[in-house]
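Fold and contact review
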Amino acid sequence: RELGAIDQEYAKNVENDDIRAYYVLKELGNPEHPNHSFGMGNRAALSGVSQATLKQWYHDHYSANRMRLEVISPLPLGKLKEIVVDAFKDVPNKNLPAIAIPAPLFTDALRDKMIYIEPIKQLRQLTLLWELPERFGAMRETKPELIICHILGNEGKSSLIDELKNDKLAEGVQCGTQHIGGKSYGLFLQIDLTDAGVKDINKVILRCFEAIANMKD
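In this text the structure is predicted, and so the values were computed from the model without any measurement.

Cut-offs applied
Residues numbered from 1 in each chain as written. Predicted model: local features only at pLDDT ≥ 70, side-chain atom pairs only at ≥ 80, totals over all residues. Heavy atoms only, no water. Helix = DSSP H or I, 4+ residues; strand = E, 2+ residues; numbered from the N terminus. Buried < 20%, exposed > 50% of the residue type's maximum accessible area, 1.4 Å probe, protein only. Disulfide = S-S within 2.5 Å. Pairing = 2+ DSSP bridges. Patch = residues over 30% accessible without salt bridge, like charges linked within 9 Å, V, L, I, M, F, W, Y side chains within 5 Å. Areas by Shrake-Rupley, 256 points an atom, 1.4 Å probe, with all protein chains shown as cover. Salt bridge = Lys/Arg side-chain N within 4 Å of Asp/Glu carboxyl O.

**So, the overall build of the protein**
Helix and strand counts for the protein stand at ten helices and three strands. Secondary structure of the protein in N-to-C order comes out as α-α-α-α-α-β-α-α-α-β-β-α-α. For the protein, the spread of C-alpha atoms along the three principal axes comes to 60 × 45 × 35 Å. Within the protein, the fraction of its 217 residues that count as buried is 26%.

Next comes the structure, spelled out in structure tokens:
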């Protein structure tokens, strides 16, 4: 039954443009980084996996100290804590070591490359992607990458999107980060382009780097 559910989810995602782009990124990534590996199963890929293999994988990798739990509820905190502790107190803590990923997400071969992906839907998007330095992965209290995105995603006067709209090159901009494992964090800047923006993509990229230079100043 679970295999059927996984297979349905896989089929649903085959034509999802965001997931398609993510898998192109995985394919082009560093082969020594685990993100490069295929990470979405279907019935064909998983039908040969035995229950014994699944149980062994669970035994080797599942431990409370490697997990995080997020709970959203309108219940009072005291009551919620009581419910959560009762429900999850039996998850064993095997004190497994933290998973270390020494390899970078991308190799230098991908630096400064432009990748074209033909979408399923009618999309006109440009995404600029950076792998953040490892030290950002240790700044989880201050999260400086969110400040960067707040500035680059601002929609006020003389902002990046204001300049792009004045040039009739773009309709919207989004900036965000993605935690890809260990200390690997990617920062992306996604621009929703106009037809003129598609034709003058280098000018759009120039405007983005001008905004970054202004932020640095």
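More follows now that the structure is in view.
**Observations regarding unusual backbone geometry**
Even without a glycine there, the phi angle at Asp112 is positive, about 65 degrees. Relative to the assigned elements, Asp112 resides in the loop between helix H5 (77-88) and strand S1 (125-131). By relative accessible area, which is 77% here, Asp112 ends up exposed. At Lys168, a residue that is not glycine, the phi angle is positive and equals roughly 60 degrees. When you line up the elements, Lys168 lands in the loop between helix H8 (160-166) and strand S2 (170-181). Residue classification places Lys168 among the exposed residues on the basis of a relative accessible area of 60%.

**A closer look at the state of the cysteines**
Summed over all chains, the structure comprises one disulfide. The closest cysteine sulfur to the non-disulfide-bonded Cys208 is located on Cys175, 9.9 Å from its own sulfur. The class for Cys208 is buried, based on a relative accessible area of 0%.

**Some words on the pairing of S2**
Pairing of S2 with strand S3 (residues 184-193), which is carried by ten bridges, proceeds in the antiparallel orientation. From the neighbouring strand, Gly172 faces S3, where its bridge partner is Asp192. Once S2 ends, the chain turns through two residues before running back antiparallel as S3, passing Gly182 with a positive phi of about 60 degrees.

**Concerning a nonpolar patch on the surface**
Taken together, the side chains of Trp57, Tyr58, Tyr62, Met67, Leu69, Val71, Phe88 and Val91 make up a nonpolar region of the molecular surface, amounting to roughly 750 Å² of accessible area. Residue class for Tyr58 comes out partly exposed when judged on its relative accessible area of 45%.

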